Amino acid sequence: MNKRKECIWHIQKGDPDWIKEFPQNSMYEYLKSTAQTHLNSCAIEFEGNKISYKKLLQQIDIVADAFSASGIKKGDCISIISINTPQIVTSIYAANKIGAVVNMIHPLLSTTEIKKFVQDTNSVAVIILDQIYPKIEKISWDNNFNPQIILTRIVDALPLLIKPLYTIKAKINITLNAKHNCIYWTDFLKSGKSCNIVSDNNKTSAEDVAVIMYSGGTTGIPKGVMLTNYNINSYGIIVSEVIKPVKPVGKKFLAILPLFHGFGFASGIHANLTQGVHIYLIPKFEFKKSVDLIFKKKINFMYSVPALFEGIIRSPRIEKTDLSFFECLLCGGDKLPKRLNNKFSELLKQGNASTVFCEGYGQTECVACSIINPYFAVNSDSIGITVPDIEAKVVEIGTQNEVPNDEDGELCICGPTIMKGYFNNEEETAKALQIHSDGKTWLHTGDLVSRDDNGYFYFKQRISRMVISAGYNVYVTQMEKVINECDEILECCVVGIPDRVLGQKIRAYIVPANDSINENTLKNIVIEKCKENFAEYSQPHDIRIIKKLPMTHIGKVDFKLLENEK
């Protein structure tokens, strides 16, 4: 195992303990080893129910024993379909303890997609929230395939005092398919509590696949990204050391991103639990509830997508509150509009916050963030520099040939967080993971970027979003960036739509900053702005004013939906 390299982050931090080796064990073992010094601290708080690190480890062991008692063993796959709950956290680590692989499925996928992902991975068990079960209730599994279905409930994770009230309010009535092998979570756990199995993790390797997460859902058919224990443990250490304070134990983190996403689980849960952080786990994003919690609990860390931070700056509370409790705010998952960046940074300064608003870039294929804007030298026009132990370069599209600085090309990434490959998809794996002339395996991200002489990267757009109009390449995200600079415009999305003459033509969707702006006036502003900044062939042929942009379930603009609109 190679020692960690000295880099700009190390020079700034001046930490003599920086050089270390990454853990050569499982996620569970790494969590267990790091938790020993703060067992009585709160690990997860969910709807008022506090779970200490000691209790969390105990719950993980019970679930692991229940898995073992039901015959689940090393190498088996367990699918999870749920919003964020403590049961999902314990299930992930319990599966990891016995060497099983967790297949994280988006709960809002179609029934057909869910069936495919469960069967393709030959999952022996499916852990699903009861509210979601109706989506799969009518599934008939193929070829005598009949996984155990374990139904969890929100109420199972609530404090005793509010359980009755929730049960009355929720009124969840479901009908179980008699052909399904179903069991409720509480009954399932009894088998783990009553048996004397001691789950053994000694045979679990750092290179074993720990989780499968899906990528590419907004640009194509979702692909199962296989992430190893080594990938996720390495990422946890890297991200913790570049954005956390010296003593993170007891600091408060808002886990608002979904756990079926790399940014949500690896950044929000694993990196924080292995540092002793107090995590406030949110079932799903609810704007008012989330913002109230941020100010009431004085959240120290928060990683989220632009949509959440956009919502926060609209809250009347932010301009009247001392914001010095903020210690790290990281925005990723989608391009951060400069207007939002500037406004949020201004509010932080006014609120006496010592931190800055940072943007990060990453993909599920490299766990999460690989490039972050450093807090000690923020460049608001850039997505930042590579984090420690990650290398990045820019190559000519379709080749492995590196381009000079300041020229556009495809971003390639190399390091310990790079996925093992796509599940059952050798063709796509070969496209994404390529061995270059230096003998290293590089991830071809499919993103168009440039790099300056100081090592800062500038995101342009997904290569797949490039619009070709009348034979010319049009970079729609660059147009979005310019349009978003207008004070009259809150946000926008530019897409290419089919055209028999031009091949594709440009359509711009505009969300006004307020309802009082005349639509024709707003369209003229966009037209003039584009004329000033872009060639004639890049001009929007169609401008549509809408109240809000459609979002995917992880907070990104759903440009695919807009592309398909008539």
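First, a word on scope: everything that follows refers to the structure included in this document.

Conventions we followed
Numbering of residues starts from 1 in each chain and follows the order in which that chain's sequence is written. Per-residue local features are limited, in this predicted model, to residues with pLDDT of at least 70; the limit for side-chain atom pairs, both in listing and counting, is 80 or more; totals at the level of whole chains, interfaces and linings are taken over all residues. The basis for the side-chain values is all heavy atoms of the structure; hydrogens and waters are excluded. We count a stretch as a helix when DSSP gives it H or I for four or more residues in a row; a strand needs E for two or more, and each element gets its number in order from the N terminus. Expected span of a helix: the number of residues minus one, times 1.5 Å. Under the scheme applied here, a residue whose accessible area is under 20% of the maximum for its type counts as buried, over 50% as exposed, and between as partly exposed, the area being computed with a 1.4 Å probe on protein chains only. In this description, one arc is meant: the one made by directions from the helix axis to the C-beta atoms. We call two residues contacting when some pair of their heavy atoms lies within 4.5 Å. Think of a polar contact as two N or O atoms within 3.5 Å of one another; within protein, one of them needs to be a possible hydrogen donor and the other a possible acceptor, and neighboring residues in sequence only count if both atoms come from side chains. As used in this record, nonpolar core signifies buried Ala, Val, Leu, Ile, Met, Phe, Trp, Tyr and Cys residues forming a set joined through side-chain atoms within 4.5 Å. Like-charged residues are merged into a patch within 9 Å and nonpolar side chains (Val, Leu, Ile, Met, Phe, Trp, Tyr) within 5 Å, provided each residue has over 30% relative accessible area and no salt bridge. The Shrake-Rupley method, run with a 1.4 Å probe, gives the accessible areas here. Residue values count only the displayed protein chains as cover. Any Lys or Arg side-chain nitrogen located within 4 Å of an Asp or Glu carboxyl oxygen qualifies as a salt bridge. Two strands pair under a simple rule: DSSP has to find at least two bridges between them. In this analysis, axes come from line fits to C-alpha atoms, helices being fitted only over the stretch in contact, and the angle between any two N-to-C directions falls in the range 0 to 180 degrees.

**Remarks on helix 15 (residues 519-533)**
Phase 1 of the analysis: With 15 residues, helix 15 ought to run about 21 Å at 1.5 Å a step, and its terminal C-alpha atoms sit 21 Å apart, in line with that.
Phase 2 of the analysis: Listed as buried for helix 15 are Leu522, Val526 and Cys530. Taken around the axis of helix 15, the buried residues stretch over an arc of 70°, which confines them to a single face. In helix 15, the exposed positions that point more than 90 degrees away from the buried face belong to Asn520, Lys531 and Glu532.
Phase 3 of the analysis: Close packing links the buried residues of helix 15 with helix 14 (476-483), strand 25 (489-499), strand 26 (503-512) and strand 27 (542-545).
Phase 4 of the analysis: Where helix 15 begins, one side-chain oxygen reaches toward the backbone nitrogen of Asn520, 2.9 Å away; that side chain belongs to Asn518.

**Regarding the nonpolar core**
Phase 1 of the analysis: Of all hydrophobic cores here, the largest spans 153 residues; its most connected members are Phe67, Ile269 and Leu273.
Phase 2 of the analysis: Ranked by size, the runner-up nonpolar core spans 18 residues in total, among them Val474, Cys486, Cys530 and Ile543.

**What about a nonpolar patch on the surface?**
Phase 1 of the analysis: Together, Val356, Tyr375 and Val378 make up an exposed nonpolar region whose accessible area comes to about 240 Å².
Phase 2 of the analysis: Within the secondary structure layout, Val378 lies in the loop between strand 15 (369-372) and strand 16 (385-386).

**Some points on the sheet that holds strand 9 (residues 223-228)**
Phase 1 of the analysis: The strand order 7-6-5-3-4-8-9-19 describes an open sheet built from 8 strands, whose pairing is mixed. Of all the strands in the sheet, just strand 7 (181-184) and strand 19 (421-422) have a single pairing partner and so form its edges.
Phase 2 of the analysis: Two strands pair when backbone bridges link them, and strand 9 and strand 19 are joined in this way by 2 bridges, in the antiparallel orientation. Note on strand 19: the bridge partner recorded for Val225 is Tyr422.

**A look at unusual backbone geometry**
Phase 1 of the analysis: Unusually for a residue other than glycine, Asn122 sits at a positive phi of about 55°.
Phase 2 of the analysis: Judged by its relative accessible area of 52%, Asn122 is exposed.
Phase 3 of the analysis: We note that Asp406 has phi near 75°; this positive angle belongs to a residue other than glycine.
Phase 4 of the analysis: Mapped onto the elements, Asp406 comes out in the loop between strand 17 (391-395) and strand 18 (409-414).

**So, the sheet that holds strand 15**
Phase 1 of the analysis: With mixed pairing, 9 strands are arranged side by side in an open sheet as 2-1-11-10-12-13-14-15-16. Looking at the sheet topology across the chains shown, the edges are occupied by strand 2 (49-52) and strand 16.
Phase 2 of the analysis: In this fold helix 3 (residues 53-69) packs onto strand 1 (42-46) and strand 2, with an angle of close to 85° to the strand it touches most, strand 2.
Phase 3 of the analysis: Along the sheet, helix 8 (residues 229-243) contacts strand 12 (301-304), strand 13 (328-331) and strand 15; its crossing angle with strand 15, the most-contacted strand, is approximately 20°.

**Examining the pairing of strand 26**
Phase 1 of the analysis: Within strand 26, 7 of the 10 residues are buried, which leaves it mostly tucked inside the rest of the structure.
Phase 2 of the analysis: Sheet analysis places strand 25 next to strand 26, joined by 10 bridges and oriented antiparallel. Looking at strand 26, one finds that Cys492 is bridged to Ile510.
Phase 3 of the analysis: By the bridge criterion, 4 bridges tie strand 26 to strand 27 in an arrangement that is parallel.

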